Structures are given as C-alpha cells and as structure tokens.
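Structural description and commentary
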Amino acid sequence: MWLPVFLLFVLLGMGRAGDMKQKWEARERACMEMAGVYSELHGRVSAVEESEGKVQITLEENVVRPLAGGGEGRSFSMSRQIPCVLVSWKTDATEDMPDARDFKIGSNVTVRGKLELFARARNPGEFDSRSYYRGQGVDCRMYGEEVEIAGGDVSPLPELLRQIREKAKQNIMRSAAAEDAGIFSAAVLGDKKALDSEIKDLYQKNGIAHLLAISGLHLSIIGMGGYKLLRKAGLGYKGAGLAGAAFIFCYGAMTGGSPSVVRAVVMMSTGFLASYLGRTYDLLSALSLALLMLVWETPELLTQGGVQLSFGAVFAVGGVLPVIQDYLGKGRKILGALAVSAAIQLVTLPVILWDFFQFPVYGIFLNLLVIPLMGGVICSGIGTALMGGISYKAGALAAGTGHYILRFYEWLCHGTERLPYHTLVMGRPAAAAVILYYMVLLVVLIGMKRAVGKRDEAEKEREEVKEKKEVKEKKE
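Now for a look at the structure at hand. (Residues numbered from 1 in each chain as written. Predicted model: local features only at pLDDT ≥ 70, side-chain atom pairs only at ≥ 80, totals over all residues. Heavy atoms only, no water.)

What follows is about the layout of surface pockets. Each pocket or cavity is described by its volume, and for the second largest pocket that value is around 1,400 Å³. Lining the second largest pocket are 38 residues, with Leu291, Leu302, Phe311, Gly312 and Phe315 sitting closest to its centre. The element that contributes the greatest number of residues to the lining of the second largest pocket is helix 9 (residues 283-297), accounting for 9 residues. Here the residues of the lining of the second largest pocket sort into 28 nonpolar, 8 polar and 2 charged. (1 Å grid on protein atoms, 1.4 Å probe; cavity = no way out; pocket = protein on both sides within 12 Å on 5 of 7 lines; lining within 4 Å. Points joined across faces, edges and corners; volume = space filled by probe spheres on them. Helix = DSSP H or I, 4+ residues; strand = E, 2+ residues; numbered from the N terminus. Nonpolar A, V, L, I, M, F, W, Y, C, P; charged D, E, K, R; others polar.)

Right, let's get into the sheet that holds strand 3 (residues 80-90). Backbone hydrogen bonds hold the strands of a sheet together, and the pairing may be parallel or antiparallel. Strand order in this closed barrel of 5 strands is 1-2-3-5-4, and the pairing throughout is mixed. Within the sheet, the average angular offset between the axes of one strand and its neighbour, ignoring direction, is 50°. Note that strand 2 (residues 54-66) and strand 3 share 10 bridges and pair antiparallel. What sits directly across from Leu59, in strand 3, is Val85. Its contacts with the sheet put helix 1 (residues 2-34) on strand 1 (38-51), strand 2, strand 3, strand 4 (108-116) and strand 5 (140-149), and the angle it makes with strand 3 is roughly 55°. (Pairing = 2+ DSSP bridges. Axes fitted to C-alpha atoms, helices over the stretch in contact; angles between N-to-C directions. Contact = heavy atoms within 4.5 Å.)

Looking now at a nonpolar patch on the surface. A contiguous nonpolar patch, built from Met1, Trp2, Val5, Leu8, Phe9, Leu12, Leu292 and Trp296 and spanning about 890 Å² of accessible area, is present on the exposed surface. If you list the elements that add at least two residues to the nonpolar patch, you get helix 1 and helix 9. If you tally residues by element for the nonpolar patch, the top one is helix 1, at 5 residues. With respect to the helices, strands and loops of the structure, Val5 is situated in helix 1. Here Val5 falls in the partly exposed class, since its relative accessible area comes to 31%. (Patch = residues over 30% accessible without salt bridge, like charges linked within 9 Å, V, L, I, M, F, W, Y side chains within 5 Å. Areas by Shrake-Rupley, 256 points an atom, 1.4 Å probe, with all protein chains shown as cover. Salt bridge = Lys/Arg side-chain N within 4 Å of Asp/Glu carboxyl O. Buried < 20%, exposed > 50% of the residue type's maximum accessible area, 1.4 Å probe, protein only.)

Here the structure, examined in full by the defined rule, presents 19 salt bridges. We note a salt bridge from Glu116 to Arg141, for which the minimum N-O separation is 3.6 Å. Of this pair, Glu116 sits in strand 4 while Arg141 sits in strand 5, placing them 25 residues apart in sequence. Assessed through its relative accessible area of 39%, Glu116 is described here as partly exposed. Residue classification places Arg141 among the partly exposed residues on the basis of a relative accessible area of 36%. Salt bridges linked by common partners bring Glu28, Arg120, Arg130, Arg134 and Glu300 together as one network.

Don't take any of this as a statement about function, it's just geometry.
Printed below as a string of structure tokens:
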C-alpha cells in the first residue's frame, strides 16, 4: 500500500513544482521586460521595516505602468502585473520621502522608479539573492524615487502585530546593551538587521548560528509556556489548545513567518490538536505536514540551505536520535546528551558542507553547553521587550540574565577557536558523495536497529528462562 501512496505523492509534487516553475518563469519575464524602465508601481503594503535611515516596504498585487516611453528603445502599450516587489529608499534622500511610521499594512502605495532584478550568485558559495527572494515570494525590487500613500483599507490584525513588534524592538534597543540588543531582536522578534556582523560570523564559525533564528526552541518556550499556564488556570484541552495555537500563529506572523517559524507553528499546532483529540503526537508526521504545506506553496524552498538545516535537524531528533538512544541503552545520561548533538550533526553534515564549505569540529560539544541556556536568553529578551515599556531601569534589569549568558557564549566561542583543528575546510562535496553518505548512514542505522532488536529478544528469552526457573523452584 505504501509504495503506490509514495509514488502518488511524488507525482503530485512533480506536477506542482512544474506548474509553479512555469508561473515563476512568466513572472520573471514580466520583471525582465520592465527592468531598467522608469515606471509607476501601484500596490498594497504587506510588510514595513526601517533600519539605519532606510525604509523597506513589500508591495503585493502590483500593477506597473511605464512612464515617458519605454526607455532604451523599448515602448509598452500596456501595464504589467507583478505580484510582489520589494521597495526601498533612504529617508534622508529628500525631505518629501515618508518614513515607516506613515505606512499601514493593507494601505495602497504608488511608487515611481526603476525595477531591478535580484542578482544571481556568480561564484560557488556566494549568496544567491534571486533564489532567496523567490523563496520568499518576491519577484524584484525598486529604489523609490517618489512615494505616495494612496489610501486603501488597513488590515487590523497584521498592522497591530507590526506595531507591537516595532514597540518591542524600541524597548529592547533602549534598555539592552548594544552588543545584546541585536541578539535579543533576532532571537525574540526575528529581526536580524541590528545584529552585529562580528557576532554573527562568530556564531556561524562555531556552529551555533541556529540560536539566532526563531525556531521550535523559541516557540516551545513561548507557546508551551502559555499553554501550560492556561491549563493550570483551569482551561480545558480544547480552550487551551485553541488559545495556544492562536497565540503562536500571531507570534509567528509578527516575527516575519520564515520557513523555520512556519514549521514550528504547524508542528506545535498539531501537538495542541493531538492533545485535544486525545491522540498520540507523532513528531515525524507533524514535520512532514509542515514541509508539505511549505513546499506546496513554494517548491523552491527545498533548495535553500536554511530550510534543509531546519527540517534536517528536527528529522534527526525524531528519526535518527531514537535509534541511537536505543542502541546505547538506558541509564547513560552523558552519552544520551551527546547523542542529541551527534544525531543532528550526522544528518546536517552534508548540508553544512554544501552551503558553507567548512565544518566546525567542536560544534557538537559546544551545542551541549549553549542550547540549555538559550531559554534564559529568550526569557530575558521577552522580559526586556515588556519591561522596557515601563521604564529603562526595569528593561535593563530584565536584560541582565541574558547579558551574562551571551558573554559566556562569546567566551566559549573564542576559547574554542584557539583549539587545534577548530574548523575543517573541506569544500563542497559532489552530489554523488552526498547520496553515498546518506545511503551509508541509512545502512548503519538499520544495522543498529537490528542489533537492538536482537538484544531485546535475547533479554526477553533470559527473562522467560528466569521466570520458568523461579516457577520450578517454587514447585519444588
């Protein structure tokens, strides 16, 4: 039964990917036709950000009309529809340009300027802007030379969530130390624009950069914490589950809805549903549902390293870790803790090498120390965002715990970098080598599972012999 089901899903996936590829090719052709042409763009605001004197808005449902002829010998008799465009400008460019506070989610905006395509990677390992933004559903960008707000209906909930995020960010920036504020904003609000580049590189080199991205760890602390409080307050499984799911959905939308956030939201909502129905929560089934929902909408997400690492790490915990733990046996706490990091490293190693060309040797041990403390950083960041609205001193006090944990992280990373063979630069592996690696890993896991089965059978036989012996002794 499972083979036909598997083949059916493969065919559905191929058909969906092919359909989406054709649609994206048509969207890309429209962008290429309008690129470099001074045009007027009319669209609806779906996201607003401001950082270091630069405003960036995302416009959807856009109609682009060329102005003053086509330019470069081109002319157009009709406008083009481009679903999503990223528009940016500097607020200090002219006094007439609006800032982020003037925009509301859902309002209509008219922008004049020239459309530009996102750059493709020209060298191995270089960031591919076009692929990344296609995964985000963005077609192209425009530097706004003239921007006008043209009314429209404001979307109440998204706008409220945006205002809460901006207020929380202001509280963090005002109350926390400069070197901590960027990490708090990234870990709690999903905003990495204020993140110090040296800290980001330090974390990446040591294999703990995943702490800066909102994922299941962050949502489990926030979502499950609220769910348990509601349960203790006397709310039933249904009420607490619905409230918890609604809360994490709003939180995920507020933080930008990245693939890792969507994965965590879907999986946690599935857990709430399982609790309500009285059913067993299966991590791999919830993970598969999240992946299906993401790639059905945007198949190209499968090619992005961040998505591969996010889903690979959770698959390692749900699929590989139980096999390793069963093989090691019970009562080995230190080995059990190492098994978590080992399982994740085993599954994600080819992805890390493919995207970053190097491997942090001591990352497996470093994660054992930093992950358990990350809850303190998240709670400290949330406390800073909340208490900072009351007073500067209250926010600074809430930031204290996170400050010392983050300094401990830096001390660990710098100390690890002084160890021999800290980083192995191995380059990008061949596709055949990656396939062979996973085949070998699968064979090893199957062998471990069979060894566990034989050990359990032998132990069961010993128990049966022991019981028979005890029965015989009692009869005698």
